[in-house]
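# Observations on the three-dimensional arrangement
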Amino acid sequence: MSIQTSLARLRAQHNLTQEKLAEQLQISRQAVQKWESGAGMPDLDNIIKIAKRFGVTIDALVLGSDRRICEELRQGETLQPEYSAMNGWESYAADLMTEFQQCQEEGLDIAPYESLFSAVSQLPAGAFKARLADLLFDLTRALPAKSNVRYDEPSDLESIRALSTNAFQPAAPLPERQTLLEHISGAWLGRIAGCLLGKPIEGIHTEELLPLLKESGNWPMHRYILSTDITPEMRQRFSFRLENRPFADTVSCAPMDDDTNYTVLAQALLDRCGRDFTPGDVAQIWLDLQPKKAYCTAERVAYCNFVKGFQPPASAQWQNPYREWIGAQIRGDYFGYINPGDPVTAAEMAWRDACISHVKNGIYGEMFVAAIIAQAAVEQDIPTLIQAGLGQIPTTSRLYEAISRILADYRKGVSAQTCMAGIRQMYDEHTSHGWCHTISNAMIVTYALLYGGGDYGTSICMAVQAGYDTDCNGATVGSILGMRGGSAAIYEKWTAPLRGTLATSIFDMPQISIQEAVQKTMSHLP
């Protein structure tokens, strides 16, 4: 290894640009560039400067002993990660202001520390910022609740049930098996089609979504967005990237998505562990069956915490700013599928799943959805279904209050437009926290169920055209109404692009047959 190679490697290991090294050696950047390219050689004075700067001997630098240089670096240098290359979901320091807002909403007395959180959040990524972030996390764990907190929001199952209205109601009689098969088939198809409806525009904001739909003759939304709807002029004009999206007329099957991955993953969990699975079983199957990149926000944090040895529920609590985001709410469907007419058991299974990555309303969202789906197998009335979901979560929670308000306004005759405006006023879609929170998206699901009148197509379109987490909400509403109405309630225009097949990111399962998944679901019924 020549001196130019040694110099380039040492500079890279110390995270120095050529300009920065030149400044430290008091020479020109062009000189460093020539040395590293082999167009020139440093004189003895500069060789001595370089060796001192990097803490290596001159012979190691000049003779190019790679092994010796590495050994000397190990002896004299502090090893640390490349913070600028870390995914933001894996670095607590990267999202401190979300942590601050989360603590505020949980009722912790964190307001006096806002300027401190803001100052640290603006520091460049690095070891110093990470150390300060660790101290701020310790601070949040020690904060007292404010004296005027309105809500009582436990995360353990016993306390959740103590604050819920229908946590111990008996299950309804099961429909006959063929009827159940049709309901469960509808739930799978409804979820997957609803997800596909929202997937091409996941992340768009409504100031661009509405013009897109109107310009393509799809307002109010009533069909899939197609690639042919997107003109070259629109691709240039819209800031939201519209190229290479999974449009319904370009996909060969239902594309892979975390919303559907979790449904398949839950089925694999039941196959492996049965109905008595534990939170630890859920954590292990996450580690065993999907790569890290398949997980987002709170799930990515929990996955990394599993690797570090944190077990549930600590895996949900350790440095997790996203602990009340939507991730658990999109994971509860299968527990509804396998407990038809039994929202209590569906919600309890959902709790076992949710507590590995979420707390409080993050957990309640999954319990709420699982309970609605379970009840939808035996109940047609939409407000009654929503009440079944509410019956499994604390009446003292923010989620219960928010959903109850929408239900009450609907019964008073408040318009759909006014209802949606109220949701936007509470949660700003332009912030990650507002866009991805459990409560904002659960409110949209409730809004679409109520104002969609029970019609599958109308309701999934209302959920998606509302914006926010479009594929999640389309999938959840589709799952509920698919279970309620069965496969007959879902027109062929929604199912045709799926071609009976779902792609996943689960190891050894690049694609699955939807009907085979339905049949396996039947084997997991009580």
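Predicted, not measured: the structure shown is a model, and the values here were computed from it. (Residues numbered from 1 in each chain as written. Predicted model: local features only at pLDDT ≥ 70, side-chain atom pairs only at ≥ 80, totals over all residues. Heavy atoms only, no water.)

### Describing the layout of surface pockets
As a volume, the largest pocket reaches approximately 490 Å³. Around the largest pocket, the lining comprises 26 residues; the ones closest to its centre are Trp-89, Glu-202, Asp-258, Cys-296 and Thr-297. Secondary structure elements with two or more residues in the lining of the largest pocket: helix H14 (258-273), helix H16 (297-308) and helix H24 (432-436). For the lining of the largest pocket, a count of residues per class yields 13 nonpolar, five polar and eight charged. There is about 420 Å³ of room inside the second largest pocket. Counting only elements with at least two residues in the lining of the second largest pocket, the list comes to helix H9 (127-142) and H16. When grouped by side-chain class, the residues that make up the lining of the second largest pocket number 13 nonpolar, four polar and six charged. (1 Å grid on protein atoms, 1.4 Å probe; cavity = no way out; pocket = protein on both sides within 12 Å on 5 of 7 lines; lining within 4 Å. Points joined across faces, edges and corners; volume = space filled by probe spheres on them. Helix = DSSP H or I, 4+ residues; strand = E, 2+ residues; numbered from the N terminus. Nonpolar A, V, L, I, M, F, W, Y, C, P; charged D, E, K, R; others polar.)

### Some details on a nonpolar patch on the surface
A surface patch of nonpolar side chains, about 310 Å² in accessible area, is lined by Leu-44, Ile-48, Ile-58 and Val-62. Position of Ile-58 among the secondary structure elements: in helix H5 (residues 58-63). The class for Ile-58 is partly exposed, based on a relative accessible area of 37%. (Patch = residues over 30% accessible without salt bridge, like charges linked within 9 Å, V, L, I, M, F, W, Y side chains within 5 Å. Areas by Shrake-Rupley, 256 points an atom, 1.4 Å probe, with all protein chains shown as cover. Salt bridge = Lys/Arg side-chain N within 4 Å of Asp/Glu carboxyl O. Buried < 20%, exposed > 50% of the residue type's maximum accessible area, 1.4 Å probe, protein only.)

### Details of the side chain of Asn-46
Mapped onto the elements, Asn-46 comes out in helix H4 (residues 44-54). Among all residues touching Asn-46, those that are not within four sequence positions of it are Ile-27 and Trp-35. (Contact = heavy atoms within 4.5 Å.)

### Things to note about the packing of helix H11 (residues 177-198) against helix H26 (residues 456-465)
At a minimum axis distance of 10 Å, the contact between H11 and H26 shows a crossing angle of 40°. Our classification of the angle between H11 and H26 gives oblique. As H11 packs across H26, the resulting crossing turns out to be right-handed. On H26, the residues that touch Leu-189, Gly-190, Ala-193, Gly-194, Leu-197 and Gly-198 of H11 are Tyr-456, Ile-460, Cys-461 and Val-464. Looking at the contact of H11 with H26 residue by residue, the class counts come to seven nonpolar, three polar and no charged. (Axes fitted to C-alpha atoms, helices over the stretch in contact; angles between N-to-C directions. Parallel < 35°, antiparallel > 145°, perpendicular 65-115°, else oblique. Left-handed = near helix turned anticlockwise from the far one by under 90°.)

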